[in-house]
Amino acid sequence: MFQKLTPKSNLPKWYEEIVERGGLAEHSPVKGCMTMMPFGCALWEQIREILDDKIKKKCLVGSVYFPLLIPQSLFEKEKEHVKGFAPELIVATEGGGKKLSEPLVLRPTSETIIYEAFSRWLSSYRDMDPEKAGGYLRVNQWANIIRFEKRPRFFLRTIEFLWQEGHTVHPTNKKAAKMAMDVIKMYKDFVENYL
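Residues numbered from 1 in each chain as written. Predicted model: local features only at pLDDT ≥ 70, side-chain atom pairs only at ≥ 80, totals over all residues. Heavy atoms only, no water.

**A short note on the sheet that holds strand S8 (residues 160–169)**
And step 1. The three strands lie next to each other as S3-S7-S8, forming an open sheet whose pairing is mixed. Whereas interior strands pair on both sides, the edge strands pair on one side only; in this sheet they are strand S3 (62–63) and S8. (Pairing = 2+ DSSP bridges. Helix = DSSP H or I, 4+ residues; strand = E, 2+ residues; numbered from the N terminus.)

Given below as structure tokens:
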């Protein structure tokens, strides 16, 4: 028998019921995490496929995948960046039954590990040859992010969630700003005209 939905005036409970009844996701045995069900995965796959095509055509990026585990020492180098994430970090301290020589943070964001790689890939602005992709370094990553979340909501705020992030390096601030605005317009168009 069909149960009446919670009124929208109780938005968090109403939203949770819509997601569960729609077969998009369910709560997992890990508090704060969700299991994406076939309809939820189908939506994600369509979003990813369409957006990935737009990103590659518009931004001329290459796909990358960086490790889920990031040495804590990389976070220590970026104290200001990490300050906002500190309460949300999940840290691995053991592996294979032994204490790790350095704690590993489960990726709350990828900037720390991506920019460590960029520092090896580019040693100077001279490495940004205008003949190669307009003098830019542009990468895109589809990944999962892990942040300890105290008030989880399906697809909005869960401990582990799927993510898309682009990272670029430009020879000038003007080119970087233009790229950022172009990407914002692309996302806006995708949300308003596709979703």
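**A few points about the sheet that holds strand S6 (residues 98–106)**
And step 1. What the three strands build is an open sheet, ordered S4-S6-S5; its pairing is antiparallel. Among the strands making up the open sheet, the edge pair consists of strand S4 (69–71) and strand S5 (91–95). Across the sheet, the mean angle from the axis of one strand to that of its neighbour is 50°, orientation sign disregarded.
And step 2. The pairing of S5 with S6 spans four bridges and is antiparallel. When the bridges of S6 are listed, Ala92 appears paired with Leu104. (Axes fitted to C-alpha atoms, helices over the stretch in contact; angles between N-to-C directions.)

**Focus on the pattern of salt bridges**
And step 1. All chains considered together, the criterion is met by 10 salt bridges.
And step 2. In this structure, Asp53 engages Lys57 in a salt bridge whose closest nitrogen and oxygen atoms are separated by 3.2 Å. Of this pair, Asp53 and Lys57 both sit in helix H2 (residues 38–59), separated by four residues, roughly a single helical turn.
And step 3. In this structure Asp53 comes out as partly exposed when scored by relative accessible area, which is 38%.
And step 4. A network of salt bridges, in which partner residues are shared, links Lys13, Glu17 and Arg21. (Salt bridge = Lys/Arg side-chain N within 4 Å of Asp/Glu carboxyl O. Buried < 20%, exposed > 50% of the residue type's maximum accessible area, 1.4 Å probe, protein only.)

**Focus: the packing of aromatic side chains**
The geometry of two aromatic rings is summed up by the distance between their centres and the angle between their planes.
And step 1. A full pass over the atoms with the stated rule returns six aromatic pairs.
And step 2. For the pair Phe161 and Trp163, a centre-to-centre distance of 5.6 Å together with 75° between the ring planes defines the contact as edge-to-face.
And step 3. Look at Phe161 and you get buried, because its relative accessible area is 17%.
And step 4. An aromatic cluster is defined as three or more aromatic residues linked by ring pairs; in this entry it consists of Phe66, Tyr115, Phe118 and Trp121. (Phe/Tyr/Trp six-rings, centres within 6.5 Å; stacked < 30°, edge-to-face > 60°.)

The values reported here are purely geometric and, on their own, carry no functional implication.
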